[in-house]
Amino acid sequence: MDALVSAYKAYQGQTGPDEKQTAARRMRELLLALSPRDVAALQWDAQFLERLRALLVGTRAGLTVDESGVDASKVSALRLAVLKSSLGMLSTAGDAALSEGEAHGLVSTLAPELGSMVSSVDICEVVDAALELFEIDCPNACAVLELLPTALLLIGNMVGLLDVAADNGGTTTCQASDYCQGVMRRVCQHNWPAHSIAKVLVALRDYPLNQETLQAAVQKAVARAKLADVHDLPAVVHQLLMLAAKGCRDTVLLEVVRLFEQREAAVAADDPARRRLLEVEGSVLLHIDMAAKHDAELGQAWVRYLRSDSPHISSFMLAVSFVLASIQRFEQPATDALKALIVGALRDSAALTACPWLPTQHAQQPAQGASPVLGPSPAGLRDAVVLCVRNSAHGQGGIVQPMAQLAVALMEAGAGDKAACYLSDGSLDETSASPAAQACDLGTCMLLELFCAHKEFRRDIISMCHNRLIGAKDEAAAPFVRLIALLVRQEGAQVAEYLNDFKVSLENLAFLPPNAALSLLLAVWPLCRARRDVQDYLVMLLRKAMFSREVHARLLAARGFLYMIIEELKDPAVSAAFMAGGSEGQAGSSSQVPSMSQMSSLTGGPGGATLLHELMSFLRRCLSQQAEVRRALYEGMPAVLAADPSAQECIVEPLLPHFCQFYETNEQLTPPLKLEACARLQGETVRVVEPLQHLLAALRRVLRISADLPAGATEAGNFNFGTDLSDLDEDAGAAAQALQKRFQALRHRLVNCTLEDFSFDGSTDFSADQPAGELSQATADILLGCMEVAMEDLVDEITAPEADVAIAFSHACCGSIPTCLHHKLNAESTSGGAAVEGLGVDLESLFSQHQRLLDLAAEGKKGSKAKKVEGLTQAVGGRRGGGRPAAPAKAGAGAGAPPSLDRRVPALSVGCLCKLLGAISVDNARLKLARDTQFQTFVLSSTLRLLQACAASDTGAAIATGTAGSKGDRDAVHELLAVPPWEELAGPLFSAVQTVVLACAGQRVVVPKGEKKEKDPTEPLTQAAVKALEQLFKMGKTAAGVAELLRDVPLPDDATVRDAGFPTVQGLPEAQHVIAQRLPHIKQLLDTLVEHCCGKELEALCPCLQLVAGVLPGREAACVAGWAVKACEGASPQAQLGGAAKALVSLALRCASQAGVDPRHDSRSQPPGRDVALLQALAGELKQMHEAEDEAQGSDMFPVIQEGTAKSVMAVLVSHMESLLTNMDWVLAKLKVLMAAGKDCSLRQSNLRMQWERAAFERLRYIVESCGVMVETRILGATCESLLKATTHLYKTLGAAAKSQFAPKGVSQCSPCQAFQELVAAVNRCCTGQVYSFITDVHSNSLTENDAAAGNMEEEGGDEKAAKAARKRQRALATAASKARRESKLVPNLVFQIEDYEKQLIRLSKTGKMNLMLTAKRSTNRDFKLTLRDGAAPPAASEGQQPRQAKRACRVQPEVQQGEEEEGEGEGEEVNGDEEQEGDEMEA
């Protein structure tokens, strides 16, 4: 062997060909002397590689030119023995095992020499030997794989069949590609060592892999990586990403995501192991980031996956997506795809809820992860996103910025959504929230978690909120203000480190919209409470806002100062303790600011008196501001007094002289109020200068709070605000007593005054189009409010205990009536009954004047145009509007415009309305006026308007946004801003409505149709009652909200429950349980109204019942639907229902749709859903009524369907069909996703698809049959156009259903399912032909209307009648032309959708080997011809007349030629041939 090595070195050293050939012969002689056994005896040592090279070079084929065949064969065998012997050394174990470097050197020596082998059998033997070493997991098995790429490349280049060794020792032949695939199959089928996965992947990168083999290798690597050590995973992922360059990039990423999902699930309960895994995930994400930067197709593949139909969602999948979003080229596409994915998953969840008839088993998973059809549930999606954000704190900081961008995008997507309903704790009610609101809340949650997890990103989050607030509207700013509020309240300690950043956000406080500014002020208040410097800064900003030119800025300043006072007075010791916790540097810098900014002095003194000195004196400026600012001050003063009773004098002291400016102190003069100073004309615009009714309401609340306080609680220190009371003959210490005296005197004088004293009579102009009329309305509104305040004061005293009533009546009398009369009344008031009697008389007098003023205003608006006589009203109006011209209104002063009397909100408080409603439902001997029908109507109408005002106001939403679920802060702000606690009205209102409806409606008599109905004085009462109840439930919104409203309503008795037939409510959630228990009450109201045919009341009660049933499960909703159906069946045929029929039918359909499928449903005998069966029955009754000889009789099954209600009922049916088709479109889209899965579809997915197909096509079949019936009713007008649109939508949906039956690419087409075949048969049988007839009727009716419009409509008479006829003719022509334009678009669209649907059927018939057009009728040939009016000949064109002008005398009329109908089995082939020919023409 040493001689061979020497000969090899000599061979390598020779340069000339002859010398080299001589050296080669010497080597070959030495090699021929060796045997394979000698080669196998070689051992590894330092000279082994040198000997190996000598052997390999010496055994090369063609080394010598004169080599014989025998020698060549021997050399080839010797070379094969060398290769096998060398490979065998790689399998050595123990101490003799080769090191990794030695093994690599050995393989590097062997690999280049494989190319000199000419025998495919030898090459295959080397490959088999290498595979055997790999399969026995030898120590250097991975190094063996480095030989295979060269060998496989050689084999792949061989042409023809390949000779390989057989098992019996001989040879056999096979294709080279098959052999290579077999080698790769053996590599992938072997269980790779867990510690060598990365090495195997390194070797596979050089292999000639196709897509199938590559996918198998990736799946094998991931499967083995599940068992590998966690620290080996980054290397494995790195090699997989390198391998992805060969293709299957999406597969590589998906397998990596699944790998870490399974590893996370395995260590979920082991916190240390989970933390180690998260750190490894951080390294993996870095590898993915680098790979995507160098391989753009990798990122594009993942973006395509995100945009696919149903991607898998998990925390690690989101982390991978965020990594790609951090790359500039993928930033926007990945963020948009993630946003669409999240919002789409939420919308799918909402759509699934709207389709209760669908089988929901396995349709959606509650936990993270994707489902066969839908993504995760909203809760599972939220968990996945939150988990991803929390995991980012463990070495995944590179994805923070993309997370924040996605969170902001989600928040902006849900900004301004009115459907966002937050519970009392500040959390979102996901059961009633829209997908946009849920996305917005999810974005807020993401930023909160990011703020907690990443300290270095907190300043960026605060700056992000600040930037989004600049120039934003209320709706756009609300999510970011809520985020600030949550940060301040939940992460106060961390937020305190970034106070300067929050101050930057507060700089724009005065420039924000009103509600956004209020929300931001409330959001940052906890910081002001805890940090003195922030509070000083806020005071400075509010001072600036007070001097702003904008009204809303001044309003914010007034509210801000009042809120600061109340919060400080609640517990000054706590505030001082919070402030003392600040740093010394902050305290020192703050102490340099004098006066108001000295927060330590603000909390000094008992009860916060020094605070009132500082801030109340500043608030006195508000008394000279606009009406809105004054009103805010009036509403906040009682809250200040409630917080600190010792502040009574300092509150009353500035209000008393201000009140006296509008009060006539001379009791001998009338009127007692100077209304002319409260509203003025500024040019042509009326402006309310003083909201006097709100001032009186505030004074009354202050006096009531003072009266309820214990003795000595209102004593205050010796201080005043410099108010000059000398003109009032009062001293500062008696301001409260003076105010009480004047208020009582005012109430008595209002009782004794008449409207003429206030210059209101029958000649007063109340027209809204004249400045004088607007001024009269504004003055009347103020006077009505003042009367209502006095009425409320009387009601409080009447309902007080008897002793208090006598004292109050005595005080009222002592204040303002002569002494002789006072003694007389005082004698009568010695008993409580007499006092109540006198107060009741005063209340009745005030109410009569109140109603008389409203009647005068109504009459004045009607007859204002006919009044020409100047009277007292004109003189007063001149005096009100005369004098010095008012200054022009400034910017923002438009907010002071007076409200219309028709929409005015009463000045009665919620507490007063509750007492009055209680007196209506329960007879109160003291409040006898509550028995009067007109007064009851006033109370219920006032309640309705108060509820409507609360629903229209955005103040409550702004407060909820700023307080972020803090109940204490929310209640304090509600009290400060006088937000009515309308929830307290629920119990009294429901009882009052129940009493009124059952008492008044039960006495009405059904008036037959055709007879004149006499006006019932109780109709306004019952209508106001039911409308108020409807408005109350609308404001409940959610199940929890409605349950809170009904909680105080007493439970129904057993008889009412039995009559309702309501199912048991056991097992329902707490909120739904409360609602279901009280629902028989509404059923009782429904039965009463239906029995006595109260149409207007039913129109309001049906939406109310629908709102309540909408928050209940399907079983309870089905019961409500049954109530509505019985009401439709039990209505009187002689009743004049009007809009009530529409309301009842809508209630029945919507509740039946919510109920879903009957659990006892049999698809062969019952429809999939109660609503489609009801829809079909109602459509059939409409058709039957239309075909009847006497159409005026109406329907026998549903008496609500009458001649007068047919169009409205048809409109409801068409609208419901549109909603059904919208849901069906979503279902078909999801079926398309399942069908596209093809062979990859699992058994569970296949079963779900079949269930959904059967349910959807059965339901669609009932819709088709209903549509076929509806188009035969021949109802024209606007409903006809709606029906055309709905029918177009139906055929578009049918086309989508046909497309869903096509097999995807690569899958053989099978026959359509049985449900689809039945659907097609139903369309061919009972819809398409009827639709074509309907189109013909529409055209005929259009032509008739055109003829009528273009006809001679002149009437005999003077010029006035001729002009009137001309105008009427022009209107008719314009209407006909507009209708013709609309139909010119609707009818062609419908025909196109029908033909497109039939085209899809023809294609499906060809591919599915089934004639779906067998029962179809031939399409209608729609040609045109010229027809002449009245059969006249076309006018001949004169010499100067153009031919086109001559054609204008003719008109184009469509002629519908209906082809022969061919049906039956005998003519099936002929029909099929015609349809195929038509389909080929359409495709061409």
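Residues numbered from 1 in each chain as written. Predicted model: local features only at pLDDT ≥ 70, side-chain atom pairs only at ≥ 80, totals over all residues. Heavy atoms only, no water.

Student: Please give an account of the overall build of the protein chain that cites residues and values.
Tutor: When its secondary structure is counted, the protein chain shows 62 helices and six strands. The 1484 residues of the protein chain split such that 52% are buried. (Helix = DSSP H or I, 4+ residues; strand = E, 2+ residues; numbered from the N terminus. Buried < 20%, exposed > 50% of the residue type's maximum accessible area, 1.4 Å probe, protein only.)

Student: For the pairing of strand β1 (residues 161-165), give the residues involved together with the corresponding values.
Tutor: Side chains L162 and V164 of β1 all project onto a buried face; the interleaved residues L161, D163 and A165 project onto a face where none is buried. When β1 meets strand β2 (residues 171-175), the two strands line up antiparallel, connected through five bridges. Considered in β2, the bridge of L162 is made with C174. (Pairing = 2+ DSSP bridges.)

Student: Provide a residue-level description of the pairing of strand β4 (residues 685-688), including the pertinent values.
Tutor: Bridging between strand β3 (residues 679-682) and β4 involves four bridges; their strand directions are antiparallel. Across the sheet, R680 pairs through a bridge with R687, a residue of β4. Once β3 ends, the chain turns through two residues before running back antiparallel as β4, passing G683 with a positive phi of about 70 degrees.

Student: Give me the nonpolar core: which residues, what numbers.
Tutor: In this structure, F260, W302, V1200, L1213 and F1316 are the most contacted members of the largest nonpolar core, which totals 451 residues. Residues contacting L1213, with those up to four places away along its chain left out, are V1145, L1149, L1175, L1178, A1179, L1182 and M1270. (Core = buried A, V, L, I, M, F, W, Y, C linked by side-chain atoms within 4.5 Å. Contact = heavy atoms within 4.5 Å.)

Student: Residues and numbers for the environment of A957, please.
Tutor: Inspection of the secondary structure puts A957 in helix α44 (residues 955-963). Taking the relative accessible area as the measure of exposure, A957 reaches 47% and is therefore partly exposed. Each C-alpha atom of the pair A957 and Y422 lies 9.6 Å from the other, and the pair is 535 residues apart in sequence.

Student: So what about helix α34 (residues 648-660)? Which residues, and what values?
Tutor: With 13 residues, α34 should reach 18 Å at 1.5 Å per residue; the first-to-last C-alpha distance of 18 Å fits that figure. Buried residues dominate α34, accounting for 12 of its 13 residues. Those residues of α34 that sit buried are Q648, E649, C650, I651, V652, E653, P654, L655, L656, H658, F659 and C660. (Expected span 1.5 Å × (residues − 1).)

Student: Residues and numbers for the pattern of salt bridges, please.
Tutor: Inspection of every chain in the model, using the stated rule, returns 45 salt bridges. In this structure, D793 and R700 form a salt bridge, with 3.8 Å as the shortest nitrogen-oxygen distance. Here R700 lies in helix α35 (residues 692-708) and D793 lies in helix α37 (residues 771-798), a separation of 93 residues in the sequence. R700 matches D793 in its accessibility class, with the two residues each being buried. We note a salt bridge from K1083 to D1087, for which the minimum N-O separation is 2.5 Å. With K1083 and D1087 both in helix α50 (residues 1070-1091) and four residues apart, this pair spans about one turn of that helix. By relative accessible area, D1087 is classed as partly exposed at 32%. Salt bridges sharing common partners tie together R700, R704, R747, E792, D793, D796, E797 and K915. (Salt bridge = Lys/Arg side-chain N within 4 Å of Asp/Glu carboxyl O.)

Student: I'd like to hear about the packing of α34 against α35, residue by residue, with values.
Tutor: The description of two helices packed together rests on the angle between their axes and the distance between the axes. Packing of α34 against α35 brings their axes to within 12 Å, and their N-to-C directions diverge by 150 degrees. With respect to α35, the element α34 is oriented roughly antiparallel. Relative to α35, the crossing made by α34 is left-handed. The segment α34 lies against α35, with Q648, I651, V652, L655, H658 and F659 engaging L695, L696, L699, V702 and S706. The class makeup of the residues in the contact of α34 with α35 is eight nonpolar, three polar and no charged. (Axes fitted to C-alpha atoms, helices over the stretch in contact; angles between N-to-C directions. Parallel < 35°, antiparallel > 145°, perpendicular 65-115°, else oblique. Left-handed = near helix turned anticlockwise from the far one by under 90°. Nonpolar A, V, L, I, M, F, W, Y, C, P; charged D, E, K, R; others polar.)

Student: If you had to explain helix α26 (residues 514-530) to someone new, which residues and values would you point to?
Tutor: Its 17 residues give α26 an end-to-end C-alpha distance of 25 Å, which sits within 8% of 24 Å, the value for a rise of 1.5 Å per residue. In α26, a bend of some 40 degrees at V524 exceeds every other bend along the element, and P526, a proline, comes one to four places later. In terms of burial, α26 is a largely internal element, 14 of the 17 residues being buried. (Bend = angle between axes of the 7 residues up to and from the residue.)

Student: Talk me through the confidence of the model for the protein chain; I want residue IDs and the actual numbers.
Tutor: The share of residues in the protein chain with pLDDT of 70 or more is 79%, and the mean pLDDT across the chain is 79. Confidence scores differ between elements of the protein chain, with helix α41 (residues 872-881) showing the lowest mean pLDDT of 34 and helix α17 (residues 315-325) the highest of 94. Low pLDDT, under 50, characterises residues 362-372; the predicted model gives this stretch 46 contacts beyond four residues in sequence or across chains. Below a pLDDT of 50 lies the segment residues 809-831, which in the model reaches 23 contacts outside its immediate sequence neighbourhood of four places, other chains included. (pLDDT = per-residue confidence, 0-100.)

Student: Got a sec to walk through the packing of aromatic side chains? Specific residues and values, please.
Tutor: Given two aromatic rings, their pairing is described by the distance between the two centres and the angle made by the two planes. Taken as a whole, this structure holds 12 aromatic pairs when the rule is applied. Centre to centre, the rings of F451 and Y498 are 6.5 Å apart; their planes meet at 70 degrees, and the pair counts as edge-to-face. Highlighted residues: F451 in helix α21 (residues 435-453) and Y498 in the loop between α24 (492-495) and α25 (499-506), separated in sequence by 47 residues. For the pair F451 and Y498, one class covers both residues: buried. Both rings, one in W1226 and one in W1252, keep their centres 6.1 Å apart while their planes meet at 45 degrees; by these two values the pair is tilted. (Phe/Tyr/Trp six-rings, centres within 6.5 Å; stacked < 30°, edge-to-face > 60°.)

Student: Can you explain the packing of helix α20 (residues 400-413) against α21? Please cite residues and give values.
Tutor: Viewed as axis vectors pointing N to C, α20 and α21 meet at an angle of 150 degrees, and their least axial separation amounts to 7 Å. It follows from the interaxial angle that α20 and α21 lie roughly antiparallel. Every pair of crossing elements has a handedness; the one defined by α20 and α21 is left-handed. Residues V400, M403, A404, L406, A407, L410, M411 and A413 of α20 form the contact with α21, whose participating residues are A436, A439, C440, L442, G443, T444, M446, L447 and L450. Residues of the contact of α20 with α21, tallied by class, amount to 15 nonpolar, two polar and no charged.

Student: Go over unusual backbone geometry, please, and point to the residues and values.
Tutor: In this chain, T670 is followed by P671 through a cis amide linkage whose omega measures 0 degrees. For A978, which is not glycine, the phi torsion reads 55 degrees and is therefore positive. Here A978 lies in the loop between α45 (967-976) and α46 (986-1000). Looking at A978, the relative accessible area reads 29%, which means it is partly exposed. Of note, the phi angle at C1093 is positive, near 55 degrees, even though the residue is not glycine. Tracing the chain through its elements places C1093 in the loop between α50 and α51 (1095-1109).

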